[in-house]
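# What the coordinates show
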Protein chains: 2
Amino acid sequence: MKVLKAVRAKVGDRLRVEKLSQVHEGILMPRTELGDQNHLVIKLDSGYNLGVRLTRDAKVRKVAVGKAPRMGLPPIAFKPDPSKPSVSILGTGGTIASRVDYRTGAVYPAFSAEELYSAVPELADLANIKTSAVCSVFSENMSPQLWVKIARAVAREMNGGARGVVIAHGTDTMGYTAAALSFAFRGVFRPVVLVGSQRSSDRPSSDAALNLLSAVAVASKSDIAEVCVVMHGSTEDDFCLVHRGTKVRKCHTSRRDTFQTINDLPMCVVKDGEIIPLSDYNKAKQEGKVVVDAKFEPRVALVKVSPGIQPKTIDSVLRAGYRGIVLEGTGLGHTPEVLFPSIKRAIKRGVPVVMTSQCIWGRVDMKVYSTGRDLLRLGVIPGEDMLPEVAYVKLMWVLGHTRDMREVSELMLTNIAGEILPRTRPDAFLKVFGGI
Amino acid sequence: MKVLKAVRAKVGDRLRVEKLSQVHEGILMPRTELGDQNHLVIKLDSGYNLGVRLTRDAKVRKVAVGKAPRMGLPPIAFKPDPSKPSVSILGTGGTIASRVDYRTGAVYPAFSAEELYSAVPELADLANIKTSAVCSVFSENMSPQLWVKIARAVAREMNGGARGVVIAHGTDTMGYTAAALSFAFRGVFRPVVLVGSQRSSDRPSSDAALNLLSAVAVASKSDIAEVCVVMHGSTEDDFCLVHRGTKVRKCHTSRRDTFQTINDLPMCVVKDGEIIPLSDYNKAKQEGKVVVDAKFEPRVALVKVSPGIQPKTIDSVLRAGYRGIVLEGTGLGHTPEVLFPSIKRAIKRGVPVVMTSQCIWGRVDMKVYSTGRDLLRLGVIPGEDMLPEVAYVKLMWVLGHTRDMREVSELMLTNIAGEILPRTRPDAFLKVFGGI
């Protein structure tokens, strides 16, 4: 970065870079988290970003002084169109919310409607956008406290007249937040859509624009009245899928189609602005009032069972004051026998223990083998076909409402927000929806 | 079961059951773990099992006294054929080992070669089978101590002249054992095949016979010199897949094709006795000597990271005396910032911390976001494209050999048994191999 200091170049300045007898001119981009110390990235007039490795032979010259980095491109003045529905976009942080201006690559901790329009002008065809920032965290730092804050903001927008609400969220824990919001409302009557992006929007391969457009399409015109996640359905930039908030999981560290509906088909496909239903969902209503019921007991532990796991793992969870335990058992919902006494102690002390499976797909069935039956006798609550992550969020929510062991058990076994299906679709195993 | 007591029927007796003007005759099967109190199961002369619900109108009569349940069908006397390869089958427990006599449905804690031949006579066409029981546990009770016992038994058989070794194992933790055995040998020169079944072999839909036949086919004639898992490749009884021991995972609670290779193609397909390679593997040799190197430090914790996870989760792992921690982080390998001080403390105390991703698919990349870079700076070891379960087993093995932090880090980052691929196959996401 010495080179940049030498020419006093700042993000936004127009630079001329000569290297290996090639000359390029463009706007200096902020050092993205993907960059390293010895590269600079300029945005060419063609719109493409170019990374240049600063070897000794590279010459850098400042051609023009740019705007301050926070400014990005001049925002397009936006005129609300009264014939269009209004959609509220809530920022929480993460790649999509902080960097959505994919033409400049400038890093924004939050965004205004104007900035969004200048980044993705097609949004103006769909809706009048209203934006506000709830928080600004990488999603790995998301917490039950922030779920409550987001839920309140969503209800405020929906009850305030928004046709739909979009939540821009980091992808790491978007599945957990989607589940939390699914339990956090009574009477959702319009779409609540979580959206993120897997690639920074300053990269040419970014999925941010299509995801955001599809999310706003779902929010502004779909008849869904549930919490859902809208993300790429393939690695091509061709369609998005709408996943139920309680059945979705991030399944790949980097692919754009990382989010997958587990044990069911996705709710809808979004392609070329059309929303095509794939399975049943609650239908939106003209009128309604959404009530926030977002009490979460954060002291719930998610414990993955593995061969060699020691009973003290459970014991120390108890000692640490956790109020509930979700086990990721093996197979149909098993643990080694050595854990039985600790599990028994937990339940005796009023700490409910819920069983899910680390298989991810399928359904817990603890009546098949004696190990499962033993665990049922100890009072372990079978998690049906709930994802471990969803059972974890749900137990937080249930314990936020009652600590009566029988009520906890009843609520955990009752389908509240699509998290328990009466039957697991046999054709929904490991299948990406690829019918488009 | 009162009805059975009334007619003094024992497992193996021939019963005549009348119900709703239908009459059936067959051999009384043992109450399988799938049965419930009000059903009895008889094996008809056609070979099919029939479940009868004992309503008030059902009449049960004993027609003939059967053999004791442990006897099953009379074993076929088996004559070793010197022209055939010899395959050793080691029993460890689990559905396939304990119940392989699918014609009688009798429950066997172990099995003899004769019993195997009478259950799956086609085995005799493939190999001379030698059987022995290493242990007899449900696989949820499998442990690092038993991995060592199995490894020694495998080496004894392979060095003793077996063309290949088959290990009958419960499916719940078969992936963990496969990984453990992959690290536990030096110089494997012939196939080591784990096999299990998802359905008790006394059910008509059992996968036990095809799995066992395919496993013995791989052991007796494939040119694989690695530890692998052979299980159904689809829900039809049509082909099996051979999965590398360090890349395989149980992905469904109940389906027969529950085992899936992650981030890669399976090694081979087995169909109609043919073994068709799909990807590269180490090739078998005529001569060799396998050495057991099975030291595992059992005090390794597998900790799944979730929003709301509290620092004391890591602290209590430390206090409990664990010697290593494998984190199942979010996305590319992240944890909430609140865990950083605890992670730092762990590493300072000489407890290595390895990062994997709960996404399952893909590869950890901790250089993309600042959270990952912070964790790298703390000394967290990135787990590349290792499955969390495999990294867990590998860290046990590594810590069984050294506690030097630099050596641990080096070994964790070195591919030892196919657990780290230089590149993740982009086409291997969520795909069942279905090319047959």
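Here is what the cut-offs are and how they apply
Residues numbered from 1 in each chain as written. Chains lettered and ligands numbered in written order. Predicted model: local features only at pLDDT ≥ 70, side-chain atom pairs only at ≥ 80, totals over all residues. Helix = DSSP H or I, 4+ residues; strand = E, 2+ residues; numbered from the N terminus. Buried ≥ 20, exposed ≤ 12 C-beta atoms within 10 Å, placed from the backbone. Contact = placed C-beta atoms within 7 Å. Least-squares fit on C-alpha atoms with pLDDT ≥ 70 in both. Domains from an automatic or database assignment. Nonpolar A, V, L, I, M, F, W, Y, C, P; charged D, E, K, R; others polar. Pairing = 2+ DSSP bridges. Axes fitted to C-alpha atoms, helices over the stretch in contact; angles between N-to-C directions. Core = buried A, V, L, I, M, F, W, Y, C linked by C-beta atoms within 7 Å. Parallel < 35°, antiparallel > 145°, perpendicular 65-115°, else oblique. Left-handed = near helix turned anticlockwise from the far one by under 90°. pLDDT = per-residue confidence, 0-100.

### Brief notes about the overall build of chain A
A tally of regular secondary structure across chain A gives 12 helices and 21 strands. Relative to its 436 residues, chain A shows a buried fraction of 56%. Nonlocal contacts in chain A, meaning residues at least 24 apart in sequence, comprise 72% of its contacts between residues at least 6 apart.

### Structural notes on the relation of the copies chain B and chain A
For the pair chain B and chain A, the superposition axis carries a translation of 0.1 Å, the fit reaches an RMSD of 0.2 Å, and the rotation angle comes to 179°. What we have between these two chains is a two-fold relation. Relative to the rotation axis, the C-alpha of L430 of chain B is the closest in chain B, positioned 2.3 Å from it. Counting the interface residues of chain B, we find that 100% of their copies in chain A are interface residues as well, pointing to one common contact surface.

### Side note on helix 6 (residues 174-184) of chain B
Within helix 6 of chain B, 11 of the 11 residues are buried, which leaves the element mostly enclosed by the surrounding structure. Where helix 6 of chain B is concerned, the buried positions are M174, G175, Y176, T177, A178, A179, A180, L181, S182, F183 and A184 of chain B.

### Remarks on unusual backbone geometry
Although it is not a glycine, N263 of chain A sits at a positive phi angle of roughly 70°. Using a count of 21 C-beta atoms within 10 Å as the deciding quantity, one classes N263 of chain A as buried.

### Brief notes about the domain arrangement of chain A
Residue and element names in this part refer to chain A. Domain boundaries in chain A define domain 1 (2-64), domain 2 (86-292) and domain 3 (300-412). Measuring from the centre of the C-alpha atoms in domain 2 to the corresponding centre in domain 3 gives 31 Å. With 10 residues of domain 2 in contact, the opposing surface of domain 3 contributes 10 residues. It is helix 6 (residues 174-184) that provides the largest number of residues to the side of domain 2 that touches domain 3, a total of five residues. Here the residues of the side of domain 2 that touches domain 3 sort into six nonpolar, three polar and one charged.

### Things to note about the sheet that holds strand 19 (residues 324-329) of chain A
Residues and elements named next belong to chain A. Across the sheet, four strands lie side by side as 18-19-20-21; this open sheet has parallel pairing. Every other strand in the sheet has two partners, leaving strand 18 (300-304) and strand 21 (381-382) as the edge strands with one partner each. Where strand 20 (residues 353-357) lies against strand 21, two bridges are found, and the strand directions are parallel. Counterpart to V354 in the pairing with strand 21 is I381.

### Here we look at the environment of D172 of chain B
Within the secondary structure layout, D172 of chain B lies in the loop between strand 8 (164-168) and helix 6. In contact with D172 of chain B, other than residues within four places in its own chain, are T330, G331 and H334 of chain A together with S139 and E140 of chain B.

### Examining the environment of Y322 of chain B
Residues and elements named next belong to chain B. Following the sequence through the fold, Y322 ends up in the loop between helix 8 (311-319) and strand 19 (324-329). Take Y322: there are 22 C-beta atoms within 10 Å of it, and that puts it in the buried class. Separated by 93 residues in sequence, Y322 and V229 have C-alpha atoms that sit 30 Å apart. Here Y322 is in contact with R299, V300, A301, V317 and V351, once residues within four sequence places are set aside.

### Section: the sheet that holds strand 11 (residues 227-232) of chain B
Residues and elements named next belong to chain B. Ordered by their spatial adjacency, eight strands build an open sheet running 7-6-8-10-11-12-15-16, and the pairing between neighbours is mixed. Edge positions in the sheet fall to strand 7 (128-133) and strand 16 (274-277), since each of these pairs with one other strand and no more. Each strand axis lies, on average, 25° off the axis of its neighbour in the sheet, ignoring direction. For strand 15 (residues 268-271) and strand 16, the ladder comprises four bridges, and the chain directions are antiparallel. Paired with C268 across the two strands is P277, which belongs to strand 16. Sheet strands in contact with helix 5 (residues 144-159) are strand 6 (86-91), strand 8 and strand 10 (192-195), and its direction is about 150° off that of strand 8.

### Observations concerning the nonpolar core
Within the largest apolar cluster, 238 residues are counted, with the highest numbers of intra-cluster contacts made by V193 of chain A together with V193 of chain B. With near-sequence residues (within four places) excluded, V193 of chain A lies in contact with G164, V165, V166, I167, A215, V218, A219, C228 and V230 of chain A.

### Overview of the pairing of strand 5 (residues 59-64) of chain A
Residue and element names in this part refer to chain A. The element strand 5 is barely covered by neighbouring structure, given that only zero of its six residues are classed as buried. One ladder, built from five bridges, connects strand 1 (residues 14-19) with strand 5; its direction is antiparallel. Each residue of the ladder has a partner; that of R16, found in strand 5, is R61.

### Quick word on the packing of helix 5 of chain B against helix 6 of chain B
All names here are of chain B. The interhelical angle for the contact between helix 5 and helix 6, taken along N-to-C directions, is 55°, at an axis separation of 10 Å. As the angle between them shows, helix 5 and helix 6 are arranged oblique. As helix 5 runs across helix 6, the sense of the crossing is right-handed. Residue-level contacts link W147, I150, A151 and V154 of helix 5 to T177, A180, L181 and A184 of helix 6. Here the residues of the contact of helix 5 with helix 6 sort into seven nonpolar, one polar and no charged.

### Some points on the environment of G333 of chain A
All names here are of chain A. Along the chain, G333 falls in the loop between strand 19 and helix 9 (340-348). In this structure, the C-alpha to C-alpha distance between G333 and V52, residues 281 residues apart in sequence, is 53 Å. The contacts of G333, once residues within four sequence positions are left out, are M355, S357, V364, D365, M366, G372 and P382.

### As for the confidence of the model for chain A
Interpretation of this model should avoid reading the predicted coordinates in detail wherever pLDDT is low. Residues and elements named next belong to chain A. Looking at chain A, pLDDT values average 88 and 89% of them are 70 or higher. Scored below 50 in pLDDT, residues 68-72 makes 10 contacts in the model with residues more than four places away or belonging to other chains. Across residues 99-110 the pLDDT falls below 50, and counting only partners more than four positions away or on other chains, this stretch makes 49 contacts in the model. Both confidence scores are given for the complex: pTM 0.85, ipTM 0.84.

### Points about the pairing of strand 1 (residues 14-19) of chain B
Two elements, strand 1 of chain B and strand 2 (residues 22-28) of chain B, share six bridges in a ladder whose sense is antiparallel. By the bridge assignment for strand 2 of chain B, V17 of chain B is matched with H24 of chain B.

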